[in-house]
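Architecture at a glance
Here is how the chains run, residue by residue.
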Amino acid sequence: VVHDVSVITEDFCLTSFLEFEKWKDETVENIRFLRAYKDLKRDLNRMIREAKKDCWKKLCQELDNNIWGMAYKIVAKKLNSLTPYEIDDDRKKTNKKDIELFTLKELEAAAANIKCGKAPGPDQIPPEAVKIMAECLPNWILAVMNTLLEKQEFPNKWKEARVVPLCMLNVLSKLLEILIKNRLQEELEVKGGLHPNQYSYQKGKSTIQAIEEVIETVRDYKCKCGWMKEHKLTLAPQKTEAIILGGKRNIGGIKFNLEGVEITPSKTLRYLGITLDEKLSFRRHIQCVTAKAEDRVAGLTRILPNIGPKGRCSSEWLQHIKLSAVALQIITGTIPTDLLVKERAYAQYHRQEETREVKERARDNSLIAWQQRWESETAKAQWTKRLFPNITQWIKCEHRTANYHLTQVMSGHGSFRSFAKRIKKDASDECMYCGEEDTAENTIFKCSRWRENRDSAYQELGRELTPETLVMTMITSDTAWKTTFNMIKTIMSAKEKEEMARQERERREN
């Protein structure tokens, strides 16, 4: 009998059990070997439990230092998958001296990905300032980022966010994240760590391609019998939906029987957020998206009375403003939907090329087509057309904004008696100051009542304005924009108050 527990093994247990079997006919020897076997087996089980406990502790400690170590391999083996790519043993423990520092080219690419016009984080440094710093002081910014890379640290202050109600992070932290992300993405592309069917969060890929892949798969296998059995797949009949993708052909009367359950194909089916239909026209999907957009617009319309000009209900006023969609698209910089569809189709067709160049080329094509359509327009938005001779320059102006008073002037719909008469809200269209027809052109460029405001703005701009030069002057610089914008805002605000006072006097007299 072995009494040293440290040398107990499964072989000793097996030996004791065999001795017990050998001497089982003799009572004394039978009892002795049986007791020895049970004692050794109990001690062995205890040691196995202790060994497992120690191994689990070591596994957890290793996981804190290396997430791709033994713990990951055990889980991956259970899931029948592999690591993203095999990591060389000499690279598992990264030496800080072996880290390749960020380059100026990487910094330039990362800074280009920062979007302007966004709210800053807790440090109150706007994205525009960070982009300027990256352009003017690239070596200083690069030194900071490389220092953090060498130390393998991410400042705790950069992990804090300002809630407004979105979580706004510091822009410098975003810059470091982009630098690290680009490195990781490059590593994955070189090592081939991503699955070929990975469509999300990849350049040139989207769920549209995933759906195309599914449609193509269905077309290839729809005539093969027993496909599910060949691939050892099973379905839950009560949760199964079916659709026949017949294209332009009308296919009817087909039903499926799955484990005794009859399944009738639907006319539409929702997959990956897109509603598929039998003819693959995506008409039903467009209807659903349109209905959802209309619900959002209806919700916004209900809050309009709280944000309209003082003394006027915006929802009631908007009922009379039938602003041309052509003019509205120009003023807001919204590219027509049909041109956007062509633009995205072009980008999709050329998705194998450089993404940024393809997008820029597609956008330029849309702007050229939009300009041609704008120049050929003869029935609507003729006043707006005089103001906007060049769409491309307007769209690419980074400091342009549209507000309540500016939109009135650019559309000709607002506090003008000619417009009020057209919608049957006023009996006369004469300007109450000069007697001319009260239009946007008369108010901003001709009426003597606002000469002082115009002269002050013209002196600051160094030139006089006309309808044909108004917008082109505003987009030349941020200063010119603010000067012209302030002139229009001052004139329209004062006119609106005086017009409301005139209307109140007329109501009292009547």
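Residue positions within a chain follow its written sequence, with the count starting from 1. Selection of residues for local features in this predicted model requires a pLDDT of at least 70, selection of side-chain atom pairs for listing and counting requires 80 or more, and totals for whole chains, interfaces and linings are taken over all residues. Calculation of side-chain values draws on the structure's entire complement of heavy atoms; hydrogens and water are dropped beforehand.

**Topic: a positive patch on the surface**
Formally: Here the term patch refers to residues with relative accessible area over 30% and no salt bridge, with like charges joined within 9 Å and nonpolar side chains (Val, Leu, Ile, Met, Phe, Trp, Tyr) within 5 Å. A 1.4 Å probe and the Shrake-Rupley method give the accessible areas. Residues count as covered only by the protein chains that appear here. Here, a salt bridge means any Lys or Arg side-chain nitrogen found within 4 Å of an Asp or Glu carboxyl oxygen. Residues scored as charged are limited to Lys and Arg (positive) and Asp and Glu (negative), so that His and the chain ends carry no count. Each charge is placed at NZ for Lys, CZ for Arg, CG for Asp and CD for Glu. Numbering of helices and strands starts at the N terminus; helices are DSSP runs of H or I of at least 4 residues and strands are runs of E of at least 2.
Residues Lys115, Lys118, Lys181, Lys203, Arg356 and Lys359 make up a contiguous surface patch of positive charge. Tracing the backbone through its elements, the reader meets Lys359 in helix H15 (residues 355-376).

**Overview of the nonpolar core**
The criterion, for reference: As used here, the term nonpolar core means buried Ala, Val, Leu, Ile, Met, Phe, Trp, Tyr and Cys residues forming a set that is joined through side-chain atoms within 4.5 Å. Accessible area is worked out with a 1.4 Å probe on protein chains only. A residue is then buried under 20% of its type maximum, exposed over 50%, and partly exposed in between. Contacts are assigned to residue pairs that have any heavy atoms within 4.5 Å of one another.
The biggest cluster of nonpolar side chains holds 42 residues, and the ones touching the most others in it are Trp370, Phe388, Trp394, Met410, Ile444, Val471 and Ile488. Broken down by element, the residue count for this core peaks at six residues, all from helix H23 (residues 478-509). Sequence-distant contacts of Ile444, that is, excluding residues within four places in its chain, are made with Val409, Arg454, Tyr458, Met487, Ile488, Ile491 and Met492. Residues Ile99, Ala111, Leu142 and Val171 belong to the second largest nonpolar core, which totals 20 residues.

**Quick word on the pairing of strand E6 (residues 274-277)**
We count it as follows: By this definition, two strands are paired if DSSP reports at least two bridges between them.
Neither face of E6 is open: one carries Ile274 and Leu276, the other Thr275 and Asp277, and all of them are buried. The pairing of strand E5 (residues 268-271) with E6 spans four bridges and is classified as antiparallel. Within E6, the residue paired with Tyr271 across the bridge is Ile274. Hairpin remark: E5 followed by E6, antiparallel, with two residues in the connecting loop; positive phi at Leu272, about 55 degrees.

**A short note on the pattern of salt bridges**
For side chains of opposite charge, pairing can occur when their charged atoms come near one another. In the structure shown here, the tally under the stated rule is 19 salt bridges. Across the pair Asp39 and Arg42 runs a salt bridge whose closest N-O atoms are separated by 2.8 Å. With Asp39 and Arg42 both in helix H2 (residues 27-65) and three residues apart, this pair spans about one turn of that helix. With a closest N to O distance of 3.0 Å, Arg417 and Asp426 form a salt bridge. A relative accessible area of 16% places Asp426 in the buried class. Through salt bridges with shared partners, a single network forms among Arg417, Asp426, Glu499, Arg502 and Glu506.

**Structural notes on the confidence of the model for the protein**
Keep this limit in mind: Per-residue confidence from the predictor is reported as pLDDT, a score between 0 and 100.
Looking at the protein as a whole, the pLDDT averages 80, with 80% of positions reaching at least 70. Confidence drops under pLDDT 50 across residues 81-87; counting only partners more than four residues distant or on other chains, this segment forms 13 contacts. Predicted confidence is poor over residues 302-322, with pLDDT under 50, and the contacts of this stretch with residues over four places away or in other chains come to 25 contacts.

**Side note on the packing of helix H21 (residues 451-461) against H23**
Put simply, the rule reads: The angle between two axes is taken between their N-to-C directions and runs from 0 to 180 degrees, where each axis is a line fitted to C-alpha atoms and a helix contributes only its stretch in contact. An angle below 35 degrees is treated as roughly parallel, one above 145 as roughly antiparallel, one from 65 to 115 as roughly perpendicular, and anything else as oblique. In the scheme used here, Gly and all other residues not listed as nonpolar or charged are polar, with Ala, Val, Leu, Ile, Met, Phe, Trp, Tyr, Cys and Pro taken as nonpolar and Asp, Glu, Lys and Arg as charged.
Viewed as axis vectors pointing N to C, H21 and H23 meet at an angle of 180 degrees, and their least axial separation amounts to 10 Å. By the angle class used here, H21 and H23 are roughly antiparallel. Across the interface between the two elements, Asn453, Arg454, Ala457, Glu460 and Leu461 of H21 pack against Ala480, Thr483, Thr484, Met487, Thr490 and Ile491 of H23. Of the residues belonging to the contact of H21 with H23, the class tally is five nonpolar, four polar and two charged.

**What to know about the packing of aromatic side chains**
Threshold: What counts as a ring pair is set by centres within 6.5 Å for rings of Phe, Tyr and Trp (its six-membered ring), and what kind of pair is set by the plane angle: stacked under 30 degrees, edge-to-face over 60, tilted for all other angles. Distance and angle both matter: a charge sits over a ring if NZ of Lys or CZ of Arg is within 6 Å of the ring centre and within 35 degrees of the ring normal.
The final tally for this structure, using the stated rule, is four aromatic pairs. Taken together, a centroid distance of 4.9 Å and an interplanar angle of 80 degrees make the contact between Phe388 and Trp394 edge-to-face. Take Phe388: its relative accessible area is 1%, and that puts it in the buried class. For the pair Tyr433 and Trp450, a centre-to-centre distance of 5.6 Å together with 80 degrees between the ring planes defines the contact as edge-to-face. You can see Tyr433 sitting in the loop between helix H19 (417-422) and helix H20 (440-446) and its partner Trp450 sitting in the loop between H20 and H21, a full 17 residues away along the chain. For Tyr433, a relative accessible area of 26% translates into the label partly exposed. Note on Trp450: relative accessible area 3%, which makes it buried. Members of the aromatic cluster, each reached through a chain of ring pairs, are Phe388, Trp394 and Trp481. Lying over the aromatic face of Tyr433, Arg449 brings its terminal NZ or CZ to 5.7 Å of the ring centre.

**Quick notes on the side chain of Asn442**
The topology assignment puts Asn442 in helix H20. If we ignore the near neighbours within four places in the chain, the residues touching Asn442 are Cys431, Cys434, Glu436, Glu437 and Cys447.

**Overview of the state of the cysteines**
Simply put, the disulfide is a covalent bond whose two ends are the sulfur atoms of two cysteines. Defined as follows: Criterion for a disulfide: a pair of cysteine sulfur atoms within 2.5 Å.
Applying the stated rule across the entire model yields zero disulfides. Between Cys434, a cysteine without a disulfide, and Cys431, which holds the nearest cysteine sulfur, the sulfur-to-sulfur distance is 3.7 Å.

**Notes on H15**
What counts is decided by this rule: Expected span of a helix: the number of residues minus one, times 1.5 Å.
Helix length check: H15, at 22 residues, gives a terminal C-alpha distance of 32 Å against a target of 32 Å (1.5 Å per residue), a fit within 8%. All of the buried residues in H15 are Val358, Ala362, Ser366, Leu367, Trp370, Gln371 and Trp374.

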